[in-house]
Structures are given as C-alpha cells and as structure tokens.
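The residues making up each chain are set out below.
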Amino acid sequence: MRELSAVETVGVVGAGTMGHGIAQVAATAGYDVTMRDVESEYVDRGLEGIASSLDRLAAKDALAEDPETIRSRISGTTDLAVLADADLVVEAVIEDLEVKREVFADLASVTDDDIVLATNTSTLSVTSIASATDRADRVVGLHFMNPVPVMEGVEVVVGERTADETVVFAHAFATDLGKETWESDDKPGFVTNRILMPWINEGIRAYDEGVATRDDVDRGMRLGTNVPMGPLELADHIGLDVVLDASETLHEELGDRYKPAYLLKRKVAAGDLGKKTGEGFYAYE
C-alpha cells in the first residue's frame, strides 16, 4: 500500500455537497484533486460551490492561502478513467448500496491495486461496498461531517476485511486534512448516526405532538445540552431527505426505535428538504 507521503493526487467521486466539500479540504491541505461526477453540470455546480465556500472563508481570514491558489489544485471530469492517476480515491455519491457497489467495482478496474478506496457512507455497510472490489483490504469508511470545510471530525469505519494498515492510513489522511478522527466498527449507523438519527427524530416528534414550539425544541436542546444546533435546525442543515434515508436504513437494520417521524416523511414528500431547497422546518433565503 502507498504511504501517505506518496499521495499527491486525491480522486473524489461525486461533486455534490459532501463530494465538493471533501475536494475543497483536500486541496486546502495541498493535494491535487480530481473531482468526478456523471454530468458536467454537476461538476460545474460542485466547482461553483467550492469557489463560494473558499471566498466565504477568505472573508473571515480563515485560509492560509488565497482562494485562487486552492482552486487551481482542483479539476473536474465526467470520465471515471481519469482517476487512474489518483493515489487515493474517496467516494461521495448518493446513499444507495447498489450505486456505491457499482462505483467501487468500476474504481477497482481503473485504479492501481495498491491505492486505498474510501467511502463517505454515513449508514451503509463498508463490508458490502468493499465486496464489490478485488481489494477489500484496501477499502475503508471515511465518514466526513457536513459541512466538510467547517466540521472538525471524520469517522473512520473498519470493514470486515479492512487491513490494519489501511485503517492507520485513513486516520493519518484525515488528520493531514486538519480533522480529528474516531473509529467505528462496521455496524449500522456507526457511532454518529446510530445516536444522531433517533435524537433528530424525537425532536421532530416533540414538535409535531405539541410538546413545544419548533423554536423551543431547538432552544431547549441548545441551552440544555450545549449542542450548537437543535434537532430541527440540524435536520434542515443536513437535508431532510438525507435524514429520512438514514433513518429508514437504520429502521430496517435495528428496529422500531429508529422509525422515521411522520412529519419528517411528510416534509420530504412535499419537497421541503431544508436549507438546500429554501424550506424545511425553517424558511431560508
């Protein structure tokens, strides 16, 4: 397996919110980044998101380099074969097991055998994703938190066949990006979503059942538990569709304590997905 010191180019599959966030922090850390998505419009949108994020950070004097220098390290493509030149690939496509397995099978066919393939899945089995490749020992979970450039943590998820040296590499890479890490076995929801999804859903139920107003549910949790956002605020920030997908996966795996709240399902059905659509539990410009 390649040493971290030999990694120069990072491939990122997926240019959505998580994908372009991962590309941004890797470029900020000095890596050359190739970001791939299936349509050029998705790639362009991801590059625009990176530019906007870097400009905001620069305005806060939070960057060691000027935004243009960081942007110059990032290229976009729709051709997966371009990732053959990558020294590490991080996948950040939709939370669908079969889609991820297909991506990993394709990645295994175009990349060198000695590179690590990481998945940003938040709930799906790393072991199942890895089994689509011929190098399960080189597959690991790197679960970044949203928004990636701001959140300090990365969850390293160890699959059934993930090699010890791959785990060490994953921790070292995330640390090199300026993140702190923790480790989870490959069990449903890992550490974060196993605990977070019931918390968000119970906050939604408390609001829906009239225990407290929307604002007081969030205010009570912020002031009472010292979290930066209450459950309804956080759900809007993550994306209500993402929360619902994660909750349904955990419900299927772990039972009724993970059953999605009715109001969450109704909001998603209405297309009110939170900040990204301008309307969720709160309204956004």
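Treat the numbers as computed from the prediction; the structure is a model and nothing was measured. (Residues numbered from 1 in each chain as written. Predicted model: local features only at pLDDT ≥ 70, side-chain atom pairs only at ≥ 80, totals over all residues. Heavy atoms only, no water.)

Caption draft 1: Spotlight on the overall build of the protein chain. Counting secondary structure elements, the protein chain contains 11 helices and 8 strands. Against the compact-globule benchmark of 19 Å for 285 residues, the protein chain has a radius of gyration of 19 Å, which places it among compact chains. Dimensions of the protein chain, computed from the C-alpha atoms along their principal axes, are close to 55 × 45 × 35 Å. The burial tally for the protein chain puts 49% of its 285 residues in the buried class. Excluding contacts between residues fewer than 6 apart, the proportion of contacts in the protein chain whose partners are at least 24 apart in sequence is 67%. (Helix = DSSP H or I, 4+ residues; strand = E, 2+ residues; numbered from the N terminus. Rg over C-alpha atoms; globule rule 2.2 N^0.38 Å. Buried < 20%, exposed > 50% of the residue type's maximum accessible area, 1.4 Å probe, protein only. Contact = heavy atoms within 4.5 Å.)

Caption draft 2: Geometry of helix α1 (residues 17–28). Given a rise of 1.5 Å per residue, 12 residues ought to cover 16 Å, and the 16 Å separating the end C-alpha atoms of α1 matches this to within 8%. Burial runs high along α1: 10 of the 12 residues are buried. Within α1 the residues assigned to the buried category are Met18, Gly19, His20, Gly21, Ile22, Ala23, Gln24, Val25, Ala26 and Ala27. Following α1 by one or two positions, glycine 30 adopts a phi angle in the positive range, close to 105°. (Expected span 1.5 Å × (residues − 1).)

Caption draft 3: Local environment of the UniProt feature "site: Important for catalytic activity" (unreviewed entry) in the protein chain. Residues given the UniProt feature "site: Important for catalytic activity" (unreviewed entry) here are His143. Relative to the assigned elements, histidine 143 resides in strand β6 (residues 139–144). Ignoring sequence-local partners within four residues, the contact set of histidine 143 consists of Thr119, Asn120, Thr121, Ser122, Gly153, Val154, Glu155, Phe190, Thr192 and Asn193. (UniProt positions renumbered as here; feature names shortened; annotations may be inferred.)

Caption draft 4: The packing of helix α9 (residues 231–238) against helix α10 (residues 240–254), seen in detail. Packing of α9 against α10 brings their axes to within 6 Å, and their N-to-C directions diverge by 100°. Here α9 is positioned roughly perpendicular relative to α10, judged by the angle of their axes. Only Leu240, Val242 and Val243 of α10 make contact with α9, whose side of the interface consists of Ala235, Asp236 and Ile238. (Axes fitted to C-alpha atoms, helices over the stretch in contact; angles between N-to-C directions. Parallel < 35°, antiparallel > 145°, perpendicular 65-115°, else oblique.)

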